[in-house]
Every structure is written in structure tokens, then in C-alpha cells.
Number of protein chains: 2
Amino acid sequence: MDGQYLPMSEAKISVLDWGFLHSDATYDTVHVWNGKFFRLDLHLDRFFGGIERLRMKLPYDREAIASILNNCVALSGHKSAYVEMICTRGSSPTFSRDPRQAENRFIAFAVPFGSVANKEQLERGLHIAISETVRIPPKSVDPSIKNYHWLDLVKGLYDAYDKGAETALIVNTIGHIAEGPGFNVFLVKDGALRTPAFGVLPGITRRTVLDLCTEIGLPVTGGDISRAEIKGADEVFITSTAGGIMPVSRIDEAMIGKGQVGPVTRRLMDLYWQKHDDPAWSTVVVYP
Amino acid sequence: MDGQYLPMSEAKISVLDWGFLHSDATYDTVHVWNGKFFRLDLHLDRFFGGIERLRMKLPYDREAIASILNNCVALSGHKSAYVEMICTRGSSPTFSRDPRQAENRFIAFAVPFGSVANKEQLERGLHIAISETVRIPPKSVDPSIKNYHWLDLVKGLYDAYDKGAETALIVNTIGHIAEGPGFNVFLVKDGALRTPAFGVLPGITRRTVLDLCTEIGLPVTGGDISRAEIKGADEVFITSTAGGIMPVSRIDEAMIGKGQVGPVTRRLMDLYWQKHDDPAWSTVVVYP
């Protein structure tokens, strides 16, 4: 923050920063696994795309940010980490309400790697409930700008807890499946994969699944998924930088497939983690 | 913050607070004018309503929060101030992603009173552009929970700047007028007032205009307003705690009425400021 490296307990932002007061910010999160960043280039692409669309400016280029991220991980000592880069609108020295007057701010931090699903859930599959809450539509907020507007997802999460589930899927404006709190979703039916394409975050792990399917010749498409379709799928899994590819074994009252991790999901999970050692998709962290 | 009173420059929150990382927070802003809070009760009602709907809990009751707000103003010494109270989800001591595990946090601060419209704009009326951006709909985020999800409003603001206007109105899901960045809007046509009713923040200044209209016998309704209707109005004004009732003299290419502050707007503005000395609507700040 502000050119300094600090312990996480001292990493604080002004309550007057519009990144807080207006959630006027974009961010990206990349993970480090066994001392290597995974697909850092794609995360930097998305982060710089969001900054441009929000009309923010930073004094750092890609190389400078990659170097700062490396330093955050190296100084923290984490071998597996969740590494976040943030650009906030900042605030104006003159208290102006005009966002063009604000001095944009860059923050980055590394914390221990965390997952949407815990060990038990990764083995038996997550239990998910579908909430009636509608994901904030693209006409309101461009989902390709990765953003902190999460109250719809938090509402979905509480709806899911009320139904005894562990996490949630929320819907798009026409009532089809959109995404969940911090993850995209895929179904497998008769050997083919499908993932929602409209109004969802273009997740890097989602993209990675598309790439892996292409590589091993599995048919995959982006398109609408109804509630009935997802509940009738052979397999369902979610994708997130926080945990990778994670199986789902129950949606509302419906058991998915045989109620355990299916073979396509298992194959993709294995391949996903193998790829973390592929030099084409990883960047070695330089520790001091 | 955390039970301490600090200078604004030291008022900082952890970057790990979900109030920042997920904009998982509600807030309210009340103003102090000439040493008196204006309609503090209504702001506290809305704030506590938002906290309940977000399923947050604070260790303070209304009286305790009113006392903290008084202290923020008194210690700052401001006679006219913009006073914000915030409840964030906080964060979990165990790094859990479950919002039920988080320790909710209360923050309050007082800064000098600011206005959406500056002195010149208050005299000649604001120039506004209508953006195609759609206000985040109620099915995504309940607008009665005052929240920091502003990227739609920020987009509208940049659209307005691009058209040479000073601020923006954005639309609802069916393309009618919704609201602007931090304000509601009213039109006057043939002596009657109208303000959008669907999917907008139930603003306290909006409510105050409704109350004033009732008091002086002006007809006012909540209902849809098309773009053509607002451009063809006799008068248009916006309402916000940050500035009160503020005239609009131009919308896109259209001059509103005679292009100056209209008589109904003027009458309501005068009455609004007079009411700041009415004991029924104000609470005296106790300075040390």
C-alpha cells in the first residue's frame, strides 16, 4: 500500500476512499500453489481491462504489478497463497464528489490459500441451494469488470443457509442459473459440458476448464441452464480461484448423478492441479 | 471506530473487512446544520432497518448511536456537517468465508457539510444528462438497504461528463427515470409533483419533500416518469442529504421550464431550510 510492504494487520484503507464508500474499485485474485503463480497473465489482463473500463489510472505497468505481487508473496513466506490486486477510485484531496478528481490507489496483498469448499466437501461434493435472488445484470454493472458488488450473492448465501445448504447459486434476469458467491458453475450431461454465458463473471478458472476441455476433446458450450437442467445433470461442479474445480453432489432437494464426485469432474480436477507445474501456465515466485 | 474517536486521517479499516472486499455494509448519512441534526430519527430508523435485513448485529442501540454521532460532530467542531454511520460485515477471526462467522463493525464519522450542487448550480440549476445505465434492480439488491453499490451510478456520471453535463440520471429496468448518484428526482407539471417510486432509494430528503407538500397542500405522487415527461416538465429538482433540494435547469438538450429555478422548487427549498430550526425535525448537537 502506498509503496510500502506491511503486515496484513496494518493493511488499512481510509474510510473516505471511494473504493469503500462507493465500492468504486476493481480487483483480481490470482493464486500461488507450491511457489508458483497460476495463469498470472490472464489475471493481469482482466485487471487492466477493468481499470480501463472504470477509467482509472495507475502509475504501474504489468511488469511492476507482477513484481509487487511477487514481493507480497515472498515477504509473507506463503508457498500457497491467495493474492489480491486492487485498484480503487481513491479520494479527492479537495473533497470533490467528481470521480475524475480522485487519485486512484493500488493495493495488493497475499494471504494463505483458501477454498470455497473444505476437504470434506471436496470429497463428497457441495450441497447447494438455488436462491431467487437475481445477479446484478450487465446493464447495471459490467461483469467483465471484476467488482465487489456482492450484496446479491450474500443474500443468496443466507437464503442457502436457511435451506440447510452450504452455498448458493443465484439466477439471471430470466430466471436461469447465473453463478454463486465467488464461483462459476458447470454441468455435465451425456458427456458434454455447459456453463452459463450471460451476465456472469468471466472467471479465469472457468476459462481454464474451457481450455482443458479443448485440450482433451470434451465438448463444452456456454449457454442458458435452467433450474431443471442443472438438477437433472449427470455431474455439476463449480470453479473459482479459491479452490479450483469443486464438485457439487446436491442442489436443493435433488441428488446430482450418484451423489458423489463424477468421473468427468474427477478427471478435470486432476488435470487442473497437474497444470500447476506446467511452465506455460505458471510463474515461479522468487523468494528472498 | 472500535470505540475510539480519531482524526479523519487516522480513520482506516482493514482491507480484509467484507465491508470493503464485498461491499457488504449498510450506512446512513444525516446532516447537521447550524448545530442541529436534521431528522435524525428517520435516518436511524433506516439504518437499523438495513442492519436487520442484512442480518447484522451491533452492540449499540439507537440512543448509543445517537450519542456517538453527537460526539463525532462535537469533537470535530463542525457546525454544519455530513455525518455518516456505517455497519460492515467485518471479518472472521478464523478467515472463514461464512458471513455468519464475521464480527460486524460500526464506524461513524463527521466531515464538513458538502452538497451535490455548488453555489452557482444552486442559483442557475444543474445540467443533467440521462444515461442508458440501469439502476441495480430490487430483485438483485433491496434499495431500502442503503448501500455502497455505486458502479452503475459512477458509470452514469462518466456518461454525463462525456455529454458535457454536470451529473446524471440513470434509468430503471423498463427505461424510466430512476435516480442519480446520491439523489432522488422530482418533476413539477401543472402544479403537481411526481417522483419515481420503483427501485429507488427511499431518500429522507425525498420523504421530507413529500411531507412538505402534504403540509402546504401541493399534490404529489410516486410513479413512473418517462424521459419525455421529465424533459417536458415545468420544473425539475433533485433531493439529497448532501445539499437538500437542488434545482435542475437542463436535461440533455432540453431546457426545463424557463431554464431557471422555478417557483415551486424555490418555495420548497425555502421551506426545507426553515424546517432546520423546527424542534420537531431537529436535534441540538451538544458541543463540549
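What you see is a predicted model, and the numbers here were worked out from it, not measured in a lab.

Draft legend 1. Looking closely at the overall build of chain A. A count of helices and strands for chain A gives 8 helices and 15 strands. Expected size for 288 residues packed as a compact globule is a radius of gyration near 19 Å; at 19 Å, chain A falls within 12% of this value. Every one of the 288 residues in chain A was classed for burial, and the buried ones make up 48%. Contacts spanning at least 24 positions in sequence make up 69% of the contacts within chain A whose residues lie at least 6 apart.

Draft legend 2. Spotlight on the interface of chain B and chain A. Listed by partner, the interface residues are 40 residues for chain B and 40 residues for chain A. Breaking the side of chain B that touches chain A down by element, the ones donating at least two residues are β1 (12-14), α1 (18-21), β5 (103-112), β6 (126-134) and α5 (151-162) of chain B. No other element matches the 6 residues that α5 of chain B contributes to the side of chain B that touches chain A. Taken together, the residues that form the side of chain B that touches chain A break down as 23 nonpolar, 9 polar and 8 charged. Note that strand β1 (residues 12-14) of chain A and β1 of chain B share 3 bridges and pair antiparallel. Across the sheet, residue Ile13 of chain A finds its bridge partner in β1 of chain B, namely Ile13 of chain B.

Draft legend 3. Spatial organisation of the pairing of strand β13 (residues 244-251) of chain B. Residues and elements named next belong to chain B. For β13, the tally of buried residues reaches 7 of 8 residues, placing the bulk of the element in the interior. For β6 and β13, the ladder comprises 3 bridges, and the chain directions are parallel. When the bridges of β13 are listed, His127 appears paired with Arg250. Sheet topology places strand β12 (residues 235-240) next to β13; 5 bridges connect them, and they run antiparallel. For Ser240, the partnering residue across the bridge sits in β13 and is Gly244.

Draft legend 4. The arrangement of the sheet that holds strand β15 (residues 282-284) of chain B in detail. Residues and elements named next belong to chain B. Strand order in the open sheet formed by 5 strands is β5-β4-β2-β3-β15, and the pairing between neighbours is antiparallel. Taken across any chain shown, the strands that pair with only one partner, and hence form the sheet edges, are β5 and β15. Across the sheet, the axes of successive neighbouring strands diverge by a mean angle of 25°, strand direction being ignored. The sheet contact formed by strand β3 (residues 36-38) and β15 spans 3 bridges and is antiparallel. Bridge assignment links Phe37 to a residue of β15, and that residue is Thr283. Those strands touched by helix α2 (residues 40-53) are β2 (25-33), β3, β4 (81-91) and β15, and its axis lies near 175° from that of β2.

Draft legend 5. Structural context of the domain arrangement of chain A. Residues and elements named next belong to chain A. You can read the domains of chain A as domain 1 (8-112) and domain 2 (119-276). Residue-level contacts link 21 residues of domain 1 with 13 residues of domain 2. For the side of domain 1 that touches domain 2, the leading source of residues is strand β2 (residues 25-33), giving 8 residues. Partitioned by chemical class, the residues of the side of domain 1 that touches domain 2 number 8 nonpolar, 8 polar and 5 charged.

Draft legend 6. Representation of the pairing of strand β10 (residues 192-195) of chain B within the structure. All names here are of chain B. Alignment of strand β9 (residues 184-189) against β10, held across 3 bridges, turns out to be antiparallel. The residue of β10 that forms the bridge with Lys189 is Ala192. The pairing of β10 with strand β11 (residues 220-222) spans 3 bridges and is classified as parallel. From the neighbouring strand, Leu193 faces β11, where its bridge partner is Val220.

Draft legend 7. Focus on the relation of the copies chain B and chain A. Expressed as a screw operation, the relation of chain B to chain A combines 0.0 Å of axial shift with a rotation of 180°, fitting to an RMSD of 0.0 Å. The superposition of one copy onto the other is thereby described by a two-fold rotation axis. Comparing interface residues between copies, 100% of those in chain B also sit at the interface in chain A, which points to an isologous, same-surface contact.

Draft legend 8. Structural context of the sheet that holds strand β5 (residues 103-112) of chain A. Residue and element names in this part refer to chain A. Here we have 5 strands laid out as an open sheet, ordered β5-β4-β2-β3-β15, and antiparallel in their pairing. Across the chains shown, the open sheet's two edge strands, defined by having one partner strand only, are β5 and β15 (282-284). If you compare each strand with its neighbour and ignore which way they point, the axes differ by 25° on average. In the packing of helix α2 (residues 40-53) onto the sheet, the strands contacted are β2, β3 (36-38), β4 (81-91) and β15, and the crossing angle to β2 comes to about 175°.

Draft legend 9. Just the nonpolar core, in detail. Membership of the largest hydrophobic core comes to 156 residues, with the highest contact counts inside it found for Val83, Ile128 and Val236 of chain A together with Val83, Ile128 and Val236 of chain B. In this structure Val236 of chain A touches Val185, Phe186, Leu187, Ile230, Val248, Ile251 and Ile256 of chain A, once residues within four positions along its chain are discounted.

Draft legend 10. Structural view of the environment of Tyr5 of chain B. All names here are of chain B. Looking at the element boundaries, Tyr5 is found in the segment before β1. Classification of Tyr5 as partly exposed rests on a count of 14 C-beta atoms within 10 Å. In this structure the C-alpha to C-alpha distance between Tyr5 and Ala108, which are 103 residues apart in sequence, comes to 9.3 Å.

Draft legend 11. Molecular detail of the confidence of the model for chain A. Confidence along chain A averages 96 in pLDDT terms, with 100% of residues attaining 70 or more. Here the predicted complex scores 0.96 on pTM and 0.96 on ipTM.

Draft legend 12. How the structure looks around helix α6 (residues 204-216) of chain B. All names here are of chain B. If you check α6, its first and last C-alpha atoms are 18 Å apart, about what 13 residues at 1.5 Å a residue would give, namely 18 Å. Those residues of α6 lying buried are Ile204, Thr205, Arg206, Thr208 and Val209. Where α6 is buried, its residues touch α2, β9, β10, β12, β13 and α8 (263-274). Gly217 lies just past α6 and shows a positive phi near 75°.

Draft legend 13. Broad picture of unusual backbone geometry. Of note in this structure, Asn34 of chain A is not a glycine but carries a positive phi near 50°. As for its position among the elements, Asn34 of chain A is in the loop between β2 and β3. Judged by the 13 C-beta atoms lying within 10 Å of it, Asn34 of chain A falls in the partly exposed class. Within the chain, Asp190 of chain B stands out as a residue other than glycine whose phi angle is a positive 50°. Summarising the element assignment, Asp190 of chain B is placed in the loop between β9 and β10.

Draft legend 14. Highlighting the packing of α2 of chain B against helix α3 (residues 62-76) of chain B. All names here are of chain B. Closest axis-to-axis distance for the α2/α3 pair is 11 Å, and the angle between their directions is 120°. Relative to α3, the element α2 lies oblique. Of the two possible hands of crossing, α2 and α3 adopt the one that is right-handed. Contact with α2, carried on its side by Leu40, Leu44 and Phe48, involves Arg62, Ile65 and Ala66 of α3 and no other residues of that element. Considering only residue class, the contact of α2 with α3 consists of 5 nonpolar, no polar and 1 charged.

What counts, and at which threshold
- Residues numbered from 1 in each chain as written.
- Chains lettered and ligands numbered in written order.
- Predicted model: local features only at pLDDT ≥ 70, side-chain atom pairs only at ≥ 80, totals over all residues.
- Helix = DSSP H or I, 4+ residues; strand = E, 2+ residues; numbered from the N terminus.
- Rg over C-alpha atoms; globule rule 2.2 N^0.38 Å.
- Buried ≥ 20, exposed ≤ 12 C-beta atoms within 10 Å, placed from the backbone.
- Contact = placed C-beta atoms within 7 Å.
- Nonpolar A, V, L, I, M, F, W, Y, C, P; charged D, E, K, R; others polar.
- Pairing = 2+ DSSP bridges.
- Axes fitted to C-alpha atoms, helices over the stretch in contact; angles between N-to-C directions.
- Domains from an automatic or database assignment.
- Least-squares fit on C-alpha atoms with pLDDT ≥ 70 in both.
- Core = buried A, V, L, I, M, F, W, Y, C linked by C-beta atoms within 7 Å.
- pLDDT = per-residue confidence, 0-100.
- Expected span 1.5 Å × (residues − 1).
- Parallel < 35°, antiparallel > 145°, perpendicular 65-115°, else oblique.
- Left-handed = near helix turned anticlockwise from the far one by under 90°.

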